[in-house]
Amino acid sequence: MNLIRFGKDFFLQDTKTVSKNLLGKFLCKKTDLGLVITKIVETEAYLSKNDPACHASTKKTKRNEKMFEEGGISYVYLIYGAYYCFNVVTGQKDSGEAVLIRAVEPISGTDIMKSFRPVEKTKNLSNGPSKLCLALNITKKENGFDLIKSDELFLADNENIPHSDIITTTRIGITKGADLPLRFYIKNNEFVSKK
DNA sequence: TTATGGATCTTCT
DNA sequence: GAAGATCCATAAA
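The notes below deal with the structure included here. Here the structure is a predicted model, which is why all the values come from computation and not from measurement.

## Digging into the protein's contact with DNA strand C
Turning to step 1, where the next piece is worked out: Taken together, Lys-59, Thr-61, Arg-63, Leu-78, Tyr-80, Gly-81 and Lys-140 make up the full set of residues adjacent to DNA strand C.
Turning to step 2, where the next piece is worked out: For DNA strand C, the fraction of protein-proximal atoms (within 4 Å) that sit in sugar or phosphate groups is 82%.
Turning to step 3, where the next piece is worked out: In the environment of DNA strand C, a phosphate oxygen lies 2.7 Å from a nitrogen or oxygen atom belonging to the side chain of Thr-61.
Turning to step 4, where the next piece is worked out: Lys-140 is positioned such that a nitrogen or oxygen atom in its side chain is 2.4 Å from a phosphate oxygen of DNA strand C.
Turning to step 5, where the next piece is worked out: For the surface near DNA strand C, the class distribution of residues is 2 nonpolar, 2 polar and 3 charged.

## Comments concerning the nonpolar core
Turning to step 1, where the next piece is worked out: If you look at the biggest cluster of nonpolar residues, it comprises 40 residues, and the most contacted ones within it are Leu-22, Leu-27, Ile-40, Phe-86, Val-88, Ile-101 and Leu-155.
Turning to step 2, where the next piece is worked out: Apart from the residues lying within four places of it in its own chain, the contact partners of Val-88 are Phe-11, Leu-22, Ile-73, Ala-98, Val-99, Ile-101, Leu-147 and Leu-155.

## Some words on the pattern of salt bridges
Turning to step 1, where the next piece is worked out: As enumerated under the stated definition, the model contains 11 salt bridges in all.
Turning to step 2, where the next piece is worked out: For Asp-51, the salt bridge identified is with Arg-171, shortest N-O distance 2.9 Å. Placement of Asp-51 in the loop between β2 (34-46) and β3 (74-79) and of Arg-171 in the loop between β7 (166-169) and β8 (183-186) is noted, with a sequence separation of 120 residues between them. Here Asp-51 and Arg-171 have matching classes, each one buried.
Turning to step 3, where the next piece is worked out: When the shortest N-O distance is used, the salt bridge between Lys-66 and Glu-65 registers 3.5 Å.
Turning to step 4, where the next piece is worked out: Connected through shared salt-bridge partners, Glu-42, Glu-44, Arg-102 and Arg-183 make up one network.

## Some details on the layout of surface pockets
It is a probe the size of a water molecule, rolled over the atoms, that shows where empty space is left.
Turning to step 1, where the next piece is worked out: Empty space within the largest pocket amounts to approximately 500 Å³.
Turning to step 2, where the next piece is worked out: As for the largest pocket, its lining consists of 24 residues, of which Tyr-46, Tyr-77, Ile-79, Gly-173 and Ile-174 are closest to the centre.
Turning to step 3, where the next piece is worked out: Here the residues of the lining of the largest pocket are counted per class, giving 12 nonpolar, 8 polar and 4 charged.
Turning to step 4, where the next piece is worked out: Lining the second largest pocket, in full, are Lys-29, Lys-30, Thr-31, Asp-32, Asn-137, Thr-139, Lys-141, Glu-142 and Glu-152.
Turning to step 5, where the next piece is worked out: Its residues assigned to classes, the lining of the second largest pocket comprises no nonpolar, 3 polar and 6 charged.

## Thoughts on the protein's contact with DNA strand B
Turning to step 1, where the next piece is worked out: Near DNA strand B, the surroundings consist of 21 residues, among which Tyr-80, Asn-87, Arg-117, Gly-173 and Ile-174 are the closest.
Turning to step 2, where the next piece is worked out: Sugar and phosphate atoms constitute 52% of the interface atoms of DNA strand B, taking the interface as everything within 4 Å of the protein.
Turning to step 3, where the next piece is worked out: Contact between DNA strand B and Ser-130: a phosphate oxygen at 3.1 Å from a main-chain N or O atom of the residue.
Turning to step 4, where the next piece is worked out: The set of elements that each furnish at least two residues to the surface near DNA strand B consists of β3, β4 (83-90), β5 (97-108) and α4 (129-135).
Turning to step 5, where the next piece is worked out: In terms of residue count, the dominant contributor to the surface near DNA strand B is α4 (3 residues).
Turning to step 6, where the next piece is worked out: In the surface near DNA strand B, the residues fall into 11 nonpolar, 7 polar and 3 charged.

## Quick notes on the packing of aromatic side chains
Turning to step 1, where the next piece is worked out: Tallied over the full model, the rule gives 4 aromatic pairs.
Turning to step 2, where the next piece is worked out: When the ring of Phe-6 is compared with that of Phe-10, the centres are 4.0 Å apart and the planes differ by 20 degrees; the resulting orientation is stacked.
Turning to step 3, where the next piece is worked out: The buried category is assigned to Phe-6, whose relative accessible area is 10%.
Turning to step 4, where the next piece is worked out: A ring pair is formed by Phe-10 and Phe-11, whose centres lie 5.3 Å apart and whose planes are at 80 degrees; its orientation type is edge-to-face. Summarising the burial analysis for this pair, Phe-10 and Phe-11 share the class buried.
Turning to step 5, where the next piece is worked out: An aromatic cluster is built from Phe-6, Phe-10 and Phe-11, whose rings are joined through pairwise contacts.
Turning to step 6, where the next piece is worked out: Taking NZ or CZ as reference, Arg-5 lies 4.1 Å from the ring centre of Phe-154, over its face.

Parameters at a glance
Residues numbered from 1 in each chain as written. Chains lettered and ligands numbered in written order. Predicted model: local features only at pLDDT ≥ 70, side-chain atom pairs only at ≥ 80, totals over all residues. Heavy atoms only, no water. Near = heavy atom within 4 Å. Polar contact = N/O pair within 3.5 Å; in protein donor to acceptor, adjacent residues only side chain to side chain. Nonpolar A, V, L, I, M, F, W, Y, C, P; charged D, E, K, R; others polar. Core = buried A, V, L, I, M, F, W, Y, C linked by side-chain atoms within 4.5 Å. Buried < 20%, exposed > 50% of the residue type's maximum accessible area, 1.4 Å probe, protein only. Contact = heavy atoms within 4.5 Å. Salt bridge = Lys/Arg side-chain N within 4 Å of Asp/Glu carboxyl O. Helix = DSSP H or I, 4+ residues; strand = E, 2+ residues; numbered from the N terminus. 1 Å grid on protein atoms, 1.4 Å probe; cavity = no way out; pocket = protein on both sides within 12 Å on 5 of 7 lines; lining within 4 Å. Points joined across faces, edges and corners; volume = space filled by probe spheres on them. Phe/Tyr/Trp six-rings, centres within 6.5 Å; stacked < 30°, edge-to-face > 60°. Lys NZ or Arg CZ within 6 Å of the ring centre and 35° of its normal.

Have a look at this one:
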């Protein structure tokens, strides 16, 4: 498979634009067992302004500092003391914006993913933000990774999803800013966490 | 040093 | 469909 990486320009666009553009693209992870390739099917945008749900909405801390870097790196954090969530940092340095990858569809290396996260149905392998982190073996060690240059964790180009097949709704699992329409997913895709 | 809450998942009915 | 598990990071004192 021919994997084409994105340039920095891709990540410096408007965060909502990047959120939509990431749909249908590949998220790749090199593991000890081989290369895993997945397709992004669901994202959420977290903005710096007028968005109380964003970790960067309050102030810069040791935990969210990666969100303030220039776009093109990863931001991984622990939630509920037990699960990881994977974000792609976007925008200029100090903007404090990112895109949460909520769900992916296994493309290649499905068996490897199942070795990290045993499930009966492939459909349940990566249809959630923490599920995909487990399946791709993404942990705190992957925080602050360079997604443009790294060969271990990176994004690659693929199909563009037609605008008519992108559904925009409100975000999930948050208590603040829950009414903002910043969640995007691919229409009729089985691997979306919730419709 | 202590208290509290959270961008979730799994298990049970 | 509904509720409990679980523990780190942050903020307050």
